[in-house]
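# Structural features, examined
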Amino acid sequence: MKRGLLFGSLFLILCLLVGHYTLNPPETSTESTASNCSARQEVAFETEQLQSVPAPVFEKEHMEVTSIAYDGMQFTLYQLTGDDHYYLYMTLAGTNYDLGLVGNRNSNLDRMRESMVQKTSISAAEAIYALRREEAFEILTTTYFTIRENTPILLYSLPGTGRQCDVDEDGQVETISNGGLSTSPNYLLYEWKADAGEVCVADLREQLSCDTLVFDDADGCFAADKKIDSEWVRSKYQYDGIYLEKIG
């Protein structure tokens with residue numbers, strides 16, 4: 001009789017404990033669930049070689065659209081017969097060099113004239129220029145080139161908009177790009193080693209396991225957003241030249 005009462009009491013206590021944890025499960029941290037990476041992680045770069053290819057000489061029949069003078073150089077926007085795309089060549093020492101496709105009939109000509117070619121502050125023995133090829137209002141490709149012996153030398157092309165800024169505040173600019181994805185403005189990071197003929201590339205969105213990534217010039221940080229169920233969770237990271245460190 002006593003043994004039966006004892007087992008009955010133990011069974012009742014066990015049922016009460018199971019009921020308690022069923023109704024009140026242990027709390028989980030939203031922030032720890034939102035982030036699949038540590039608070040500090042080394043950025044993994046892949047090294048790519050710069051091309052250093054001379055632009056081809058331009059000798060095609062064409063219709064000139066407009067001329068653009070920039071940094072002591074002359075560029076000409078042109079079209080080909082029966083083709084509504086815009087192309088660009090530049091003139092150096094009396095020779096025209098073809099820089100290729102830069103837009104189509106829906107492209108904004110005023111915007112193209114103002115920002116199509118820009119001199120960058122990429123650290124190198126030679127000045128490096130960025131050529132933005134756009135279609136309508138979407139930037140398709142950014143091509144980097146330099147000038148050697150009065151010849152444009154094509155160095156590297158990256159997808160999307162290439163924007164130069166000193167991300168790690170070491171006095172030398174890096175390039176950040178959206179890779180052509182308008183939903184994630186700044187997720188590719190480029191470290192230039194132009195004099196060595198190299199550029200190092202890192203996909204920060206993939207490494208942080210986030211959905212979108214934006215570089216904020218104001219505070220010098222990357223804002224990483226990740227969707228958890230129906231909610232967006234934001235974390236901020238600072239790049240020091242080697243590591244991404246979670247802050248805040």
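Scroll up to find the structure this text is about.
Residues numbered from 1 in each chain as written. Predicted model: local features only at pLDDT ≥ 70, side-chain atom pairs only at ≥ 80, totals over all residues. Heavy atoms only, no water.

### Topic: the pairing of strand S13 (residues 174-177)
Going by this rule: Using a 1.4 Å probe on the protein chains alone, a residue whose accessible area is under 20% of its type maximum counts as buried, one over 50% counts as exposed, and one in between counts as partly exposed. In DSSP terms, a helix is any run of H or I states spanning at least four residues, a strand is any run of E spanning at least two, and both are numbered starting from the N terminus. Whether two strands pair comes down to DSSP finding at least two bridges between them.
With burial as the criterion, each face of S13 is covered, one bearing Glu 174 and Ile 176 and the other bearing Thr 175 and Ser 177. In the sheet, strand S12 (residues 162-165) pairs with S13 via 4 bridges, with the strands oriented antiparallel. Its bridge partner lying in S13, Arg 163 is registered against Ile 176. Relative to strand S14 (residues 188-193), S13 runs antiparallel, the two sharing 3 bridges. Its bridge partner being in S14, Ile 176 is matched across the sheet by Leu 189.

### Regarding the layout of surface pockets
The cut-off we apply is this: Both cavities and pockets are sets of points on a 1 Å grid over the protein atoms alone; in a cavity a 1.4 Å probe fits but cannot get out, in a pocket the set is open with protein on both sides within 12 Å along at least five of seven lines, and lining residues sit with an atom within 4 Å of a point. Grid points are joined across faces, edges and corners, and a volume is the space filled by probe spheres set on the points.
Taken as a whole, the largest pocket holds about 150 Å³ of empty space. Together, Ala 44, Glu 46, Glu 48, Val 201, Ala 202, Asp 203, Glu 206 and Gln 207 line the largest pocket. If you list the elements that add at least two residues to the lining of the largest pocket, you get strand S2 (46-49), strand S15 (198-203) and helix H4 (204-208). Among the elements that line the lining of the largest pocket, the one with the most residues is S15, at 3 residues.

### Some remarks on the side chain of Ser 177
Our working definition: Think of a polar contact as two N or O atoms within 3.5 Å of one another; within protein, one of them needs to be a possible hydrogen donor and the other a possible acceptor, and neighboring residues in sequence only count if both atoms come from side chains.
Here Ser 177 lies in strand S13. At 2.7 Å, the side chain of Ser 177 forms a polar contact with the backbone oxygen of Pro 159. In terms of polar contacts, Ser 177 uses its side chain to reach the backbone carbonyl oxygen of Thr 161, at 3.4 Å.

### Details of the packing of aromatic side chains
Let me state the cut-off plainly: Here is the rule: rings of Phe, Tyr and Trp (six-membered ring for Trp) pair when centre to centre is within 6.5 Å. Planes less than 30 degrees apart are stacked, more than 60 are edge-to-face, and the remainder are tilted.
Summed over the entire model, instances satisfying the criterion amount to 10 aromatic pairs. On the basis of an interplanar angle of 45° and a centroid distance of 4.6 Å, the ring pair of Phe 58 and Tyr 78 is categorised as tilted. In this pair, Phe 58 is assigned in the loop between strand S3 (53-54) and strand S4 (63-70) and Tyr 78 in strand S5 (residues 73-79), connecting sequence segments 20 residues apart. Just as Phe 58 is buried, Tyr 78 falls in that class too.

### A closer look at the sheet that holds strand S18 (residues 231-239)
Our working rule: Under this scheme, a helix contributes an axis fitted over its contacting stretch, all axes are lines through C-alpha atoms, and angles between N-to-C directions fall in the 0 to 180 degree range.
Taken in spatial order, the 5 strands make up an open sheet running S1-S19-S18-S17-S16, and their pairing is antiparallel. Two strands lie at the open edges of the sheet, namely strand S1 (40-42) and strand S16 (212-216), each paired on one side alone. Looking at each pair of strands side by side, their axes are set apart by 30° on average, direction ignored. As paired strands, S18 and strand S19 (residues 243-247) are joined by 4 bridges and run antiparallel to one another. Along S19, the bridge assignment pairs Lys 236 with Ile 247.

Taken by themselves, the reported measurements are silent on function.
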